[in-house]
Structures are given as structure tokens and as C-alpha cells.
Amino acid sequence: PVFVDPFDARIPDSMAHIHLTRGAAAIIVAPASTNFIARLAHGLADDLLAALCAARGPCPLLLAPAMNREMWLNPPTQRNIRQLKEDGVTILGPASGSQACGETGDGRMIEPLELLDGLIGGLQPKVLAGIRVVITAGPTVEAIDPVRILTNRSSGKTGFALARAACQAGASVVLIAGPATLPTPYGVQRIDVESAAQMRAAAMAAVAGADVFIAVAAVADWHVLHPSGQKLKKHDLANRGTATLDLRLAPNPDILTEVAALPNGPWCVGFAAETEKLEAHAQAKRARKGVDLMIGNLAQQSMGADDTQLVLFDDTGAQPLPRLSKTEAARCLIDAIAARLPRNARGRG
Ligand code: C5P
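A brief structural summary. Just so we're clear, the structure is a prediction, and the values are computed from it rather than from any experiment.

Rules and cut-offs
- Residues numbered from 1 in each chain as written.
- Predicted model: local features only at pLDDT ≥ 70, side-chain atom pairs only at ≥ 80, totals over all residues.
- Heavy atoms only, no water.
- Near = heavy atom within 4 Å.
- Polar contact = N/O pair within 3.5 Å; in protein donor to acceptor, adjacent residues only side chain to side chain.
- Areas by Shrake-Rupley, 256 points an atom, 1.4 Å probe, with all protein chains shown as cover.
- 1 Å grid on protein atoms, 1.4 Å probe; cavity = no way out; pocket = protein on both sides within 12 Å on 5 of 7 lines; lining within 4 Å.
- Sits in = over half its atoms within 2 Å of the grid points.
- Helix = DSSP H or I, 4+ residues; strand = E, 2+ residues; numbered from the N terminus.
- Expected span 1.5 Å × (residues − 1).
- Buried < 20%, exposed > 50% of the residue type's maximum accessible area, 1.4 Å probe, protein only.
- Arc of directions from axis to C-beta.
- Contact = heavy atoms within 4.5 Å.
- Pairing = 2+ DSSP bridges.
- Axes fitted to C-alpha atoms, helices over the stretch in contact; angles between N-to-C directions.
- Phe/Tyr/Trp six-rings, centres within 6.5 Å; stacked < 30°, edge-to-face > 60°.
- Lys NZ or Arg CZ within 6 Å of the ring centre and 35° of its normal.

It is worth spelling out the site of the ligand at this point. Around the ligand lies a shell formed by Ala215, Val216, Ala217, Val219, Pro253, Asp254, Ile255, Leu256, Gly270, Phe271, Lys285 and Lys289. With respect to the ligand, the backbone of Ile255 contributes an N or O atom lying 3.0 Å from a nitrogen atom. Coverage of the ligand by the protein chains reaches 86% of its 450 Å² of free accessible surface. Using a 2 Å cut-off from the grid points, one finds that the ligand occupies the largest pocket.

Next up, the structure:
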């Protein structure tokens, strides 16, 4: 139902501006105009929305500003935003880009799915507040020639879900993503890469100063030793008297092993996607790569699916999680990581 009157007769005692927020999980104002933000910052209660916010008590309040770029940059608006943040209001966005007036800059309302991420994030406990997290996700691709690649079936869903959950838990998150068609979670800094070599370079740069590194990417184990600069032609092979193409593959660097071996490096989490003997393979991989926590799953049950069944392996043994959606599993993992992190944050210190 839509309400506009602070004293709406559909509400007991006609006290719409009081009772509508009682029992609500949150108030989200989207779009929040320059004018509304100014009224809110000064505690006005001159219409239903302003009165609702003034009378909300402990109900969380989130605003998604939407206005012209100059109105956003106007010092009084910035002052009001600072005041509202100090008052405990969550500000979502704004985004940057083209505006209804034809100008370009900061002030666009963030996209609806980002609003949803931000709203959910506003309600999550901040178990990773102040922690800097780097995550690799998705597949990598290795060029055979300019049009052909070697890759794998990773969708990136688990890595993106973890990036979203870490961000919603208060971490600052860098997500290094191989080719994946998933939207960037709200608040996450995304770096797109293609090959394992590019992913390694991005990861080594990003982990300097990070507290936690979570390697979720299905990094290709090999790359083509001599990729062709031009498209390979079937008839060229046929002219050489063969229909068979031989590719020589060379091993890729193991990003997780390298990061885990860094002196003063971040606290490291790896994934072991296995097709059999999960516990033995995952524990052996944890020891071999020198990581603090290894998350095991059965690849055939998880790759590309929306849900997953994970087992946590650390010094204390194995801890299985129930079968969960990748979103729920990501939240459980973030809680498990937060509970295990050394108190002095920078990982192994
Ligand atoms: O050895 P395996 O590929 O099964 O190890 C999986 C774990 O190691 C994952 O956490 C994956 O992201 C990471 N890994 C990596 N670089 C590689 C291969 C795997 O970071 N080249």
C-alpha cells in the first residue's frame, strides 16, 4: 500500500508516521533528493516520509542519493551527507555517469540490484570491519590464437558471492575476476583479467597491504607455450599432411602458493575442488600450498550450480557445512574466516 498522509485513517489512531516503521527491518529512501537529504539532516518532520524517519527509533535508515552532479557537490549537500553519516544513516552511492539533465558526473542513483546488495549489507553484522580482502574468482582463459582459448567450466558464482558477503560484513574488497558474466557486487572493486599470468600480476599487486587473500579462481594449470599471432588455419595443417593440431602446454604459476609464501603476507584461504577423496586431497593441498584454511567441495556437485556443499579444513581438522545456496555458504565462510583471523589483522604479521 502507498501512504502519503502522516495521519492516515487506515492506521490505528491514524498515526501512520509512527506505526508504519514499527516492526520494519529498515527504511530505504531511493531516490533521495537534495531537498529531502537537507530536511533529514535538520531533523524536519514536515511530511510523512520525513516524520517517519524522525520517529523511526532503532530502525536502520538507508539513503540512495539521486541528483545533478553540481547539486551533489554543493557544499551544503556534502555537509548534510557528513552529518547524516555521523547520525548513523547509511548512504548508498551515488554512482557516476550520464544524468537526466544531460550532464555527466557523480549523482546517479545506484542500480536496483546494487540497492539490494547495499540494503542487505546494511543489515549484516560487521564481522570484517576494517579488514582488507583480496579475492580471485572465475575461470582464466589461455589463448591458442587470437580467436581460440583454453578455459574451464568455472562460473565465478562462489567467488562473487564471497566478495559480496565480505563487503557486506564491512571489509574493503578487491575482486580479481577472470571472464564471468556476473554483475559486480555493490561496493566491491573489480579488476578484470583473462590469463593466469594477468591474474597473478593483479593479485601480487593487490595483496600488498591486504589482510586476507581468498583464492577461489579456477586458475588454468597450463598455458599454450607459443600461442599463434594469427588465426590457425585447418588447411595449413592439411597442407603439412596432418589434420591433428599439437599444442605444447607449459605450467602456470600457482598464485595461492606464491601469496601464501610472502613474508608478512595476508591470511590465506584456498579452495580444493575435487572429484573424489575430498578430505585426503584437500588436507594434502592445504599443507602443500601452505594456507591457513582450505575449503573443500566436490567439483561435479558444485561447478556452475547455484548451491554447494563445503567442508572447512584447518589445523583443527574438518568441519562440514550443510548444503547451502552459494549466497548462504559465502556468509558462513565469511563468519568462519572472521572467527579464525588473528586479532592483529595483518594476517601472519
Ligand atoms: O591445485 P589446485 O588448482 O587444485 O588448487 C586450488 C586452489 O589453488 C584454489 O584456491 C585456486 O584458486 C588456487 N590456485 C591458484 N593458482 C593456480 C592454481 C590454483 O591460486 N595456478
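On we go.
This part is about helix H8 (residues 196-207). Between its first and last C-alpha atoms H8 spans 16 Å; for twelve residues at 1.5 Å apiece the expected length is 16 Å, and the two agree. What H8 keeps buried is the set Ala196, Met199, Ala202, Ala203, Ala206 and Val207. Axial view of H8: buried residues confined to an arc of 125°, hence all on one face. Those residues of H8 that are buried lie in contact with strand E6 (132-137), strand E7 (142-143), strand E9 (172-177), strand E10 (189-192), strand E11 (212-215) and helix H10 (255-260). In the segment just after H8, Gly209 is the residue with positive phi, at about 90°.

The subject of this paragraph is the sheet that holds strand E16 (residues 307-314). Working definition: the strands of a sheet are paired by backbone hydrogen bonds and lie parallel or antiparallel to each other. Sheet architecture is open: eight strands sit in the order E10-E9-E6-E11-E14-E15-E16-E17, paired in mixed fashion. Where the open sheet ends on each side, the last strands, each with one partner, are E10 and strand E17 (317-325). On average, adjacent strands in this sheet sit at an angle of 20° to one another, irrespective of strand direction. In terms of strand pairing, E6 meets E9 through six bridges, oriented parallel. Looking at the pairing, Thr136 lines up with Ile176 of E9. Of the strands in this sheet, E6, E9, E10, E11 and strand E14 (267-274) touch helix H7 (residues 157-168), which is tilted by about 170° from E9. Across the sheet, helix H11 (residues 278-289) lies against E14, strand E15 (293-298), E16 and E17, angled at about 55° from E16, the strand it touches most.

On to the packing of aromatic side chains, then. The way to describe two aromatic rings as a pair is by their centre distance and the angle between their planes. Throughout the structure, instances matching the rule amount to zero aromatic pairs. In this structure, Arg10 is placed above the aromatic ring of Phe3, and the distance from its NZ or CZ to the ring centre is 4.1 Å.

In this section: helix H13 (residues 326-340). Helical geometry: 3.6 residues make up each α-helical turn, so side chains three or four residues apart lie on a common side. Between its first and last C-alpha, H13 extends 21 Å over 15 residues, near the 21 Å set by a 1.5 Å rise per residue. Residues of H13 that are buried include every one of Lys326, Ala329, Ala330, Leu333, Ile334, Ala336, Ile337 and Ala338, and no others.

Read these as layout, nothing more, since geometry by itself doesn't imply function.
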